[in-house]
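Descriptive analysis of the structure
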Amino acid sequence: MSAIEEAVSSSAASAEGDVLFPLKGKKVDDVAPRMRFAPSPTGSLHVGGARTALYNWLVAKKGQLDFTSPDSEGAFVLRVEDTDLARSTRESEESVLADLSWLGLIWDEGPDNAEAKYGPYRQSERGELYTKVANKLL
């Protein structure tokens, strides 16, 4: 195991609120896929973004059908890439979410789901998680 893999592995979920890695220790072929769509809320949903969201949603839903175990972590995850502070707006984020909903691409985890266990789902809110992993690598 490489130093990076060890650092990431050792920082997996714990009761103390460490960083969570839902597929830690599992073989990729043995679990439902966790597919992420990461729109940038700088305007309306683009047709290319809608296509990518559709493909990821289809793979996630197919995986959920194939892996029906109750502890399956398969999901269609929406994580908003709002790091372009000059152009990102909540209005654009709401517009993108509304467009995805209109298309029927309903996410399992995302910024509007307070009960999701692998958040936060806005990139700008994930700094603390990245700092914890970076510190383990140092």
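Structure first, text after, so check above.
To start, this report covers the structure provided alongside it. (Residues numbered from 1 in each chain as written. Predicted model: local features only at pLDDT ≥ 70, side-chain atom pairs only at ≥ 80, totals over all residues. Heavy atoms only, no water.)

A separate point is the pairing of strand β1 (residues 34-37). Where β1 meets strand β2 (residues 75-78), four bridges bridge the pair, whose relative direction is parallel. Its bridge partner lying in β2, R34 is registered against A75. For the crossover from β1 across helix α2 (residues 47-66) to β2, the handedness is right-handed. (Pairing = 2+ DSSP bridges. Helix = DSSP H or I, 4+ residues; strand = E, 2+ residues; numbered from the N terminus. Right-handed = clockwise from strand over helix to strand, strands pointing away.)

Let us look at the pattern of salt bridges. Enumeration according to the criterion identifies eleven salt bridges in this entry. We note a salt bridge from R34 to E109, for which the minimum N-O separation is 3.0 Å. Taken together, the residues span a long stretch of sequence, with R34 in strand β1 and E109 in the loop between α3 (90-102) and α4 (127-137) at a distance of 75 residues. Classification of E109 by relative accessible area gives buried; the value is 10%. Across the pair D84 and R87 runs a salt bridge whose closest N-O atoms are separated by 2.7 Å. Classification of D84 as partly exposed rests on a relative accessible area of 28%. What you see here is one network of salt bridges that share partners, running through R90, E93, R122 and E125. (Salt bridge = Lys/Arg side-chain N within 4 Å of Asp/Glu carboxyl O. Buried < 20%, exposed > 50% of the residue type's maximum accessible area, 1.4 Å probe, protein only.)

Keep in mind these numbers describe shape, not what the thing actually does.
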